[in-house]
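# An overview of the molecular structure
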Amino acid sequence: MPFHNPMRLAAEAAMLDNLAQGRYDFGVGKGVRPGEFEKFGLDFDDRVAMTEEATEIVLKAWTQEHMSYEGQYWQFPELRLRPSVYQKPHPPLHSAASRAVSVAQIASRGWPVAMHFTPTDVVADCARQYHETIANAVEPVGTGPYRPRFSLCRETFVAETPERARAEGALALQGFWYLSSLASPPLPTAYSDARFKQLTTRVWGGTTYDELDVLGGMLIGTPEQVAEKVDHLKAIGVDTLLLVANFGHLAHEQVCRSLELFAGAVMS
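Report on the accompanying structure. Computed from a prediction, not measured in an experiment: that's the story for all the values here.

## Quick notes on the layout of surface pockets
Estimates place the volume of the largest pocket at around 830 Å³. What lines the largest pocket is a set of 28 residues, among which Gly31, Val32, Ala96, Ser98 and Phe117 lie closest to the centre. Residue contributions to the lining of the largest pocket reach at least three from each of two domains, namely domain 1 (6-151) and domain 2 (153-266).

Here it is in structure tokens:
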């Protein structure tokens, strides 16, 4: 959110909502890479306040016939948004979070929350707090597309044998973190514990593939292994999985086969 003019963002989202005829959800993220903020000339420490202000502007633009705004980061004279949003009162909002305090704030609004690079034990604590906050809400929570949801994003790869899942998954995940570090191709062609730890330092504190697997940082394994992991996530309160299925070195055929195995084990 801090990288965008919020009024332009509100207008582009409204157009998408009309094009999608209401099949549009709006995701809110604060940003996670200090270097990106520096390149935009922004203070990384301002990201939370900027996101709150930008979100407030977007919601006002969607729900008010006329609006103006005087904030710390953005100021707008009186204006009106055209076209208005298709969904009423506005597209459902989803917000990303990585800490329990952020999850609680999102839950207090009744919004769906999404987590990604977070150990499963932390996810469990956040899910419990999210559902407790929703259950104790003074205002009634939404239904349908506006219903509260606890989403978790995980890099996912399924193969027929543990050995193949480990070999292909580890190399692909290393490639994912290589590209996530904004390094230029080509990707590394062999897995290395030392390289993996280096690439995961900023987000995971530096782990090997096997250490990250213990933390629950991905869904990689045989159909039976992945189904067991998914069952555990359901048990701790995760009701929506967002799969990153195409990452790193994985070829199209590998991705398709992985999704077939996943569907057969988890969705049948």
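## Quick look at the nonpolar core
Counting residues in hydrophobic clusters, the biggest one holds 46 residues, and the most contacted among them are Phe26, Trp62, Val103 and Phe150. When residues in this core are grouped by element, the largest group, six residues, is from helix H3 (residues 47-63). Taken domain by domain, this core gets at least three of its residues from each of domain 1 (6-151) and domain 2 (153-266). In this structure Phe26 touches Met1, Leu9, Ala13, Val58, Trp62, Pro92, Leu93 and His94, once residues within four positions along its chain are discounted. In this structure, Phe157, Ile220, Ala245 and Leu250 belong to the second largest nonpolar core, which totals 21 residues.

## Digging into the packing of aromatic side chains
Tallied over the entire structure, the rule returns 13 aromatic pairs. Considering the side-chain rings of Tyr130 and Phe150, the 5.7 Å spacing of their centres and the 65° angle between planes classify their relative orientation as edge-to-face. Remark: Phe150 occurs in strand E6 (residues 150-158) and Tyr130 occurs in helix H5 (residues 120-135); sequence separation between them is 20 residues. Phe150 matches Tyr130 in its accessibility class, with the two residues each being buried. The structure contains a cluster of three or more aromatic residues connected by ring pairs, namely Phe3, Phe37, Phe40 and Phe44. A cation over an aromatic ring shows up here: Arg47 above the ring of Phe44, its NZ or CZ 3.9 Å from the ring centre. Taking NZ or CZ as reference, Arg166 lies 5.4 Å from the ring centre of Tyr191, over its face.

Cut-offs applied
- Sequence positions are assigned chain by chain, starting from 1 and proceeding in written order.
- For this predicted model, a pLDDT threshold of at least 70 governs which residues receive local features, and a threshold of 80 or more governs which side-chain atom pairs are given and counted, while totals over whole chains, interfaces and linings are taken from all residues.
- Hydrogens and water molecules were not included; the side-chain quantities draw on all heavy atoms of the structure.
- A cavity here means a set of 1 Å grid points, computed over protein atoms only, where a 1.4 Å probe fits but cannot escape. A pocket is an open set with protein on both sides within 12 Å along at least 5 of 7 lines, and lining residues have an atom within 4 Å of a point.
- Grid points are joined across faces, edges and corners, and a volume is the space filled by probe spheres set on the points.
- The source of the domain bounds is an automatic or database domain assignment.
- Nonpolar core, defined: a set of buried Ala, Val, Leu, Ile, Met, Phe, Trp, Tyr and Cys residues in which side-chain atoms within 4.5 Å join the residues together.
- Buried residues are those whose accessible area, probed at 1.4 Å on protein chains only, stays under 20% of the maximum for their type, while exposed residues exceed 50% and partly exposed ones sit between those limits.
- Secondary structure follows DSSP: runs of H or I at least 4 residues long count as helices, runs of E at least 2 residues long count as strands, and numbering of each begins at the N terminus.
- Note on definitions: a residue-residue contact is assigned when non-hydrogen atoms from the two residues lie within 4.5 Å.
- Between 30 and 60 degrees the pair is tilted, below 30 it is stacked and above 60 it is edge-to-face, where a pair is any two Phe, Tyr or Trp rings, Trp via its six-membered ring, whose centres lie within 6.5 Å.
- Here, a charge over a ring means that NZ of Lys or CZ of Arg falls within 6 Å of the ring centre while also lying within 35 degrees of the ring normal.

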